[in-house]
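The primary structure of each chain is shown beneath.
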Protein chains: 2
Amino acid sequence: MTENPEFDFSLLARDNIPVRQFAADEKIFLAGEAGSSMFIVRSGKVAIKSGGMILESVGPGGLFGEMALIDGSPRSATAVATEDSEIAVIEQPGLLGLIQQNPKFALTVMQLMARRIRRTNESL
Amino acid sequence: MTENPEFDFSLLARDNIPVRQFAADEKIFLAGEAGSSMFIVRSGKVAIKSGGMILESVGPGGLFGEMALIDGSPRSATAVATEDSEIAVIEQPGLLGLIQQNPKFALTVMQLMARRIRRTNESL
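All values reported here derive from a predicted model rather than from experimental measurement.

Visitor: Quick question: what am I supposed to make of the packing of aromatic side chains here?
Guide: For any pair of aromatic rings, the description consists of the separation of the ring centres together with the inter-plane angle of the planes. Residue and element names in this part refer to chain A. For the structure shown, the criterion picks out 6 aromatic pairs over all chains. With centroids separated by 5.7 Å and ring planes inclined at 35°, the aromatic side chains of phenylalanine 29 and phenylalanine 39 adopt a geometry described as tilted. Of this pair, phenylalanine 29 sits in strand E2 (residues 27-29) while phenylalanine 39 sits in strand E3 (residues 37-43), placing them 10 residues apart in sequence. Residues phenylalanine 29 and phenylalanine 39 agree in their burial class; the two are buried. Centre to centre, the rings of phenylalanine 29 and phenylalanine 64 are 6.0 Å apart; their planes meet at 40°, and the pair counts as tilted. Highlighted residues: phenylalanine 29 in strand E2 and phenylalanine 64 in strand E6 (residues 63-64), separated in sequence by 35 residues. Its relative accessible area of 1% is what places phenylalanine 64 among the buried residues. Three or more aromatic residues joined by ring pairs form one cluster here, namely Phe29, Phe39 and Phe64.

What follows is the structure, given as C-alpha cells:
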C-alpha cells in the first residue's frame, strides 16, 4: 500500500532539514488545519485519512503534506503516525532553495502528485 | 475557465525554449499517445478534452501536458488549439536544468497540479 516514490535522503543531508519524532497514534496534522510544511518519513509509518478512510499509507522515503505547503490551502486530510516514526519537516521558507539545490527533489514531488492525479481520475 | 496560474515567461527567456505554431482546431496531442514534453501557451487558447468533454481551457501563460513529461505515462487527455496559438515546448532532457535555474517554475507546476488534485477530489 506504500505507493510513494522512494526519495534519496542523501540529497537533503546537506540542507539540515529538522527531524521530529512522533509516537504511534500521534496526529501529525488534522484535515482543515492551516499548514505550511511538508513531511518525509525517515522511519516508521504514517496513515493519511479522510472521512474515516485510509487514503494512503506512507513508509520510509515517502512524502506527504505537500499540498498545503505548495498552494497555502488547508490540510485536505488528517495524518497520523501508525508506528513510532521519525519525520523530516520541510518548511515553506526553505522550499525554493531546496528545489534549486535538489532539482530531483522537485521532480520527485511532481511524480508523486502526478500519480495522485492519475489514481484519482481512475476512481472517477 | 482559464484556471491555470500565471507563469512569468521572462523566467524562461534565457533558456531558449522552442516555440511552435498551431492553427485553430489543430491537435497538439491525443489521449493515449506517449509524450515527453509539456507546453506553455504564449498566445492563443488550448482545450484539454477527455471523452468529448472540455476539462480545461488554457490561455496565455497557462501550462498543460506536464503529466506525461513528469511520470512518463501516456497522455491522459487530448489537447487541441481552439485559436491560432504559439506554444512553448519543454522537453524532458532540459527539465532538471530548467527547475534548477528557475525554482519558481517548479513551484508553479506544483501549484497547478495541487489545484487539479483538489478540484478532482471535490468532484468525487
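Visitor: Would you mind going over the interface of chain B and chain A with me for this structure?
Guide: How big an interface is tends to be reported as the loss of accessible area on association of its parts. Across the boundary between the two partners, chain B contributes 28 residues, which contact 28 residues of chain A. Of the roughly 2600 Å² buried between chain B and chain A on both sides combined, carbon and sulfur atoms contribute 75%. A per-residue breakdown of the area chain B buries against chain A is headed by Met110, Ile117 and Arg118 of chain B, which together make up 25% of the total. Inspection of the region where chain B meets chain A yields 2 residue pairs in polar contact (both at pLDDT 80 or more).

Visitor: Would you take a moment to explain the side chain of serine 73 of chain B for this structure?
Guide: By the secondary structure assignment, serine 73 of chain B is in the loop between helix H1 (66-71) and strand E7 (78-81). Of the polar contacts made by the side chain of serine 73 of chain B, one reaches the side chain of aspartate 71 of chain B; its length is 2.4 Å. Aside from chain neighbours lying at most four places away, what touches serine 73 of chain B is Arg118 of chain A together with Ala68 of chain B.

Visitor: Looking at this structure, how should I read the sheet that holds E3 of chain A?
Guide: Adjacent strands of a sheet pair through backbone hydrogen bonds, lying either parallel or antiparallel. Residue and element names in this part refer to chain A. Taken together, 4 strands build an open sheet; the order of strands is E1-E8-E3-E6 and the sheet is antiparallel. The open sheet has two edge strands with one neighbour each: strand E1 (19-22) and E6. Sheet analysis places E1 next to strand E8 (residues 85-91), joined by 4 bridges and oriented antiparallel. Residue arginine 20 lies in a different strand from E8, and its bridge partner there is isoleucine 87.

Visitor: Would you mind showing me how to read the nonpolar core here?
Guide: General note: in soluble globular proteins, nonpolar side chains tend to be found buried as a group. In terms of nonpolar packing, the biggest core is built from 42 residues, with Phe105, Met110 and Met113 of chain A together with Phe105, Met110 and Met113 of chain B touching the most fellow members. With residues up to four places along the chain from it excluded, the contact list for methionine 113 of chain B reads Met110, Met113, Ala114 and Ile117 of chain A together with Glu66, Met67 and Ile70 of chain B.

Visitor: Which parts of the structure should I look at to understand the sheet that holds strand E3 (residues 37-43) of chain B?
Guide: Residues and elements named next belong to chain B. One open sheet accounts for 4 strands, arranged E1-E8-E3-E6; its pairing is antiparallel. Two strands lie at the open edges of the sheet, namely strand E1 (19-22) and strand E6 (63-64), each paired on one side alone. In this sheet, strand E8 (residues 85-91) lies alongside E3 in antiparallel orientation, the contact comprising 6 bridges. The residue of E8 that forms the bridge with methionine 38 is isoleucine 90.

Criteria and thresholds
Residues numbered from 1 in each chain as written. Chains lettered and ligands numbered in written order. Predicted model: local features only at pLDDT ≥ 70, side-chain atom pairs only at ≥ 80, totals over all residues. Heavy atoms only, no water. Phe/Tyr/Trp six-rings, centres within 6.5 Å; stacked < 30°, edge-to-face > 60°. Helix = DSSP H or I, 4+ residues; strand = E, 2+ residues; numbered from the N terminus. Buried < 20%, exposed > 50% of the residue type's maximum accessible area, 1.4 Å probe, protein only. Contact = heavy atoms within 4.5 Å. Buried area = accessible area lost by both parts, 1.4 Å probe. Polar contact = N/O pair within 3.5 Å; in protein donor to acceptor, adjacent residues only side chain to side chain. Pairing = 2+ DSSP bridges. Core = buried A, V, L, I, M, F, W, Y, C linked by side-chain atoms within 4.5 Å.

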